[in-house]
Amino acid sequence: MKSRLLCLLGPTAVGKTEIAIQLAQRLNAEIVSVDSRQIYRQMDIGTAKPTAEEQQAARHHLIDCVDISQPFSVADYQSLADAAISDIQNRGKQALLVGGAGLYFRAVVDGLFEGPGADSSRRERLEQEASELGVNALHERLRACDPESAERIHPNNVVRVIRALEVYELTGTPMSEHQKQWHQENQRYPFIAFCLTMPRALLYQRIEQRVDVMLANGLIAEVESLLAAGYACDTVALRSFGYKELIAYLDGNCTYLEAVAQLKRNTRRFAKRQLTWFRKDDRIEWIDIDRNSTPDIVKHLLEAIGSL
């Protein structure tokens, strides 16, 4: 039987990092990042990557391990996460999964949703339609046949939009319905999972404040340096929020204020999708951290872990 994992989940800007570090220090744990963007090197400010000091306070895994131009799949993440967890546990320490990428979390604890095999001609057609009509048109088509998947998948994530449409066209069943069967039956690890939450208005306020801090800390310079290094603006990594909005500004397609407003809006929407994903998993215990200090939250989590 594999050793039990501890998981601390939650939307962006809710405050996972500080709490996770204190938990790791108390539990002789090492942190495995469950984040789809912090894996990339050089994307530091826009991904709210833990600082060097934070990474020294508790050892982190799966951060800065992939080049921006390198193709990277959920299966790749699962493989790296399994290796990190095995290494941590073999050294007699506790693995603490921390992040907000619901699909990556599920890949570790439940495995991969395989679905039907790829249909190359169908995929080429959908890619051509995305190029000619725009990905928003494909996303609206997905919303019509699979609203749950459309809610979770951002319109700019072309690969996942196309895959969801491909699954529907091949099986006649929405991918979200397939995924409901991809759940607890073949759980890969025993685990305890907590999701941090707070009132939506407060979370959105924290998101907007975080964006302001990122900009003050040099986010635009970070984006400029990535483009100057030759990374294409249409790579998967740079199409994510925090980068695509500022690339549009630097290309002269919008004003600075418009880019910032779009970035804040896209980050709020991302947080909403994260919460929607985690709410569908009844194995997760929710922790409302509003008006509670970090030490109080850590104490509560330690008590909850000890009682299970």
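Here the structure is a predicted model, which means the values were calculated and not measured. Every chain's residues receive numbers from 1 upward, in the order its sequence appears when written. Only residues with pLDDT of at least 70 are given local features in this predicted model, and only at 80 or more are side-chain atom pairs given and counted; all residues enter the totals for whole chains, interfaces and linings. For side-chain calculations, the full set of non-hydrogen atoms in the structure is used, while hydrogens and water are omitted.

(A) How the structure looks around the layout of surface pockets. Put plainly, a pocket is an open set of points on a 1 Å grid over the protein atoms alone with protein on both sides within 12 Å along at least five of seven lines, a cavity is a set where a 1.4 Å probe fits but cannot get out, and a lining residue has an atom within 4 Å of a point. Grid points are joined across faces, edges and corners, and a volume is the space filled by probe spheres set on the points. Taken as a whole, the largest pocket holds about 1600 Å³ of empty space. Around the largest pocket, the lining is made up of 47 residues, and of these V74, L103, Y104, N157 and R160 lie nearest the centre. By definition, any uninterrupted DSSP run of H or I lasting at least four residues is a helix, any uninterrupted run of E lasting at least two residues is a strand, and each is numbered from the N terminus. Put simply, the parts of the chain that give the lining of the largest pocket at least two residues each are helix 3 (74-90), helix 4 (102-109), helix 5 (120-133), helix 8 (158-171), helix 9 (175-181) and helix 13 (256-279). Ten residues, namely Ala, Val, Leu, Ile, Met, Phe, Trp, Tyr, Cys and Pro, are considered nonpolar, four, namely Asp, Glu, Lys and Arg, are considered charged, and the remaining ones, Gly among them, are considered polar. A per-class count over the lining of the largest pocket returns 22 nonpolar, 15 polar and 10 charged.

(B) Geometry of the pairing of strand 5 (residues 191-197). With respect to burial, strand 5 is a largely interior element, seven of its seven residues being buried. Accessibility here uses a 1.4 Å probe with only protein chains present; expressed as a share of the type maximum, an area under 20% marks a residue as buried, one over 50% as exposed, and anything in between as partly exposed. Burial of the side chains of strand 5 extends over both faces: F191, A193, C195 and T197 are buried on one face and I192, F194 and L196 on the other. Relative to strand 5, strand 1 (residues 5-9) runs parallel, the two being bridged by five bridges. What sits directly across from C7, in strand 5, is A193. In this description, strands pair whenever DSSP reports at least two bridges between them. As paired elements, strand 5 and strand 6 (residues 284-288) share five bridges and run parallel to each other. Within strand 6, the residue paired with A193 across the bridge is I284.

(C) Up close: empty space enclosed by the protein. Per the counting criterion, the structure on display carries one cavity of 30 Å³ or more. Computed from the structure, the largest cavity encloses a volume of approximately 40 Å³. Taken together, L6, C7, L8, L23, L27, L96, F194 and I305 make up the full set of residues lining the largest cavity. For the lining of the largest cavity, the elements supplying multiple residues, two or more each, are strand 1 and helix 1 (16-27).

(D) Highlighting helix 13. Counted at 1.5 Å a residue, the expected span for helix 13 with its 24 residues is 34 Å, and the 35 Å between its end C-alpha atoms agrees. Considered for burial, the residues of helix 13 that qualify are A259, V260, L263, K264, N266, T267, A271, R273, Q274, L275, W277 and F278. Helices are assigned an expected span. That span is 1.5 Å times one less than the residue count.

(E) Summary view of the environment of Y249. Of note, Y249 is situated in helix 12 (residues 244-250). You can call Y249 partly exposed: its relative accessible area is 29%. Residue contacts are defined here by distance: any two heavy atoms, one from each residue, within 4.5 Å place the two residues in contact. With residues up to four places along the chain from it excluded, the contact list for Y249 reads I220, C254, T255, Y256 and A259.

(F) Expanded view of the packing of aromatic side chains. Ring geometry is summarised as follows: Phe, Tyr and Trp rings, the Trp one being its six-membered ring, pair when their centres sit within 6.5 Å, and such pairs are stacked at plane angles under 30 degrees, edge-to-face over 60 and tilted between the two. Considering all chains together, one arrives at four aromatic pairs under this definition. Seen from their ring centres, Y249 and Y256 are 5.6 Å apart, and the 70 degrees between their planes marks the pair as edge-to-face. The criterion is that NZ of a Lys, or CZ of an Arg, lies within 6 Å of the ring centre and within 35 degrees of the ring normal, and then a charge sits over that ring. Positioned above the aromatic ring of F241 is the side chain of R37, whose terminal nitrogen or guanidinium carbon lies 4.1 Å from the ring centre.

(G) Looking closely at the environment of V260. Tracing the sequence through the fold places V260 in helix 13. Spatially, the C-alpha atom of V260 lies 9.1 Å from that of Y249, the residues being 11 residues apart in sequence.

(H) View of helix 5. In a regular helix each residue adds 1.5 Å, so 14 residues correspond to 20 Å; helix 5 covers 20 Å between its end C-alpha atoms and thus fits that length. The set of residues buried in helix 5 consists of L126, E129 and A130. For helix 5, the angular spread of buried residues about the axis comes to 100 degrees, placing them on one side. Of the residues in helix 5, the exposed ones pointing more than 90 degrees away from the buried face are S120, E124, S131 and E132. Next to the buried residues of helix 5 lie helix 6 (135-145) and helix 8. Among the residues trailing helix 5, G134 stands out with phi positive, at a value near 95 degrees. This arc is built from the directions going out from the helix axis to the C-beta atoms.

(I) Quick peek at the packing of helix 6 against helix 8. Running from N to C, helix 6 and helix 8 point in directions that differ by 40 degrees, and their axes come no closer than 10 Å. Taken together, the axes of helix 6 and helix 8 lie oblique to each other. The interaxial crossing formed by helix 6 with helix 8 has left-handed handedness. Residues V135, L138, H139, R141, L142 and C145 of helix 6 pack against V158, V161, I162, A164, L165, Y168 and E169 of helix 8. Looking at the contact of helix 6 with helix 8 residue by residue, the class counts come to 10 nonpolar, one polar and two charged. Geometry is summarised by axes, namely lines fitted to C-alpha atoms with helices restricted to the contacting stretch, and by angles between N-to-C directions that run from 0 to 180 degrees. Oblique is the label for any angle not under 35 degrees, not over 145, and not in the 65 to 115 range, which are roughly parallel, roughly antiparallel and roughly perpendicular in turn. Each crossing is labelled by how the near helix is turned from the far one, with a counterclockwise turn of less than a right angle marking it left-handed and a clockwise turn marking it right-handed.

(J) Highlighting the pattern of salt bridges. Whenever a carboxyl oxygen of Asp or Glu lies within 4 Å of a side-chain nitrogen of Lys or Arg, that contact is scored as a salt bridge. One pass over the full model with this rule turns up 20 salt bridges. Residue R91 pairs with E30 through a salt bridge whose shortest N-O separation is 2.8 Å. Here R91, found in the loop between helix 3 and strand 4 (94-99), pairs with E30, found in strand 2 (residues 29-34); they are 61 residues apart in sequence, far enough to count as distant. Taking relative accessible area as the criterion, R91 reaches 37% and is therefore assigned partly exposed. A salt bridge links D64 to K49; its shortest N-O distance comes to 2.5 Å. Of the two residues, D64 is situated in the loop between strand 3 (60-61) and helix 3 and K49 in the loop between strand 2 and helix 2 (52-57); the sequence distance between them amounts to 15 residues.

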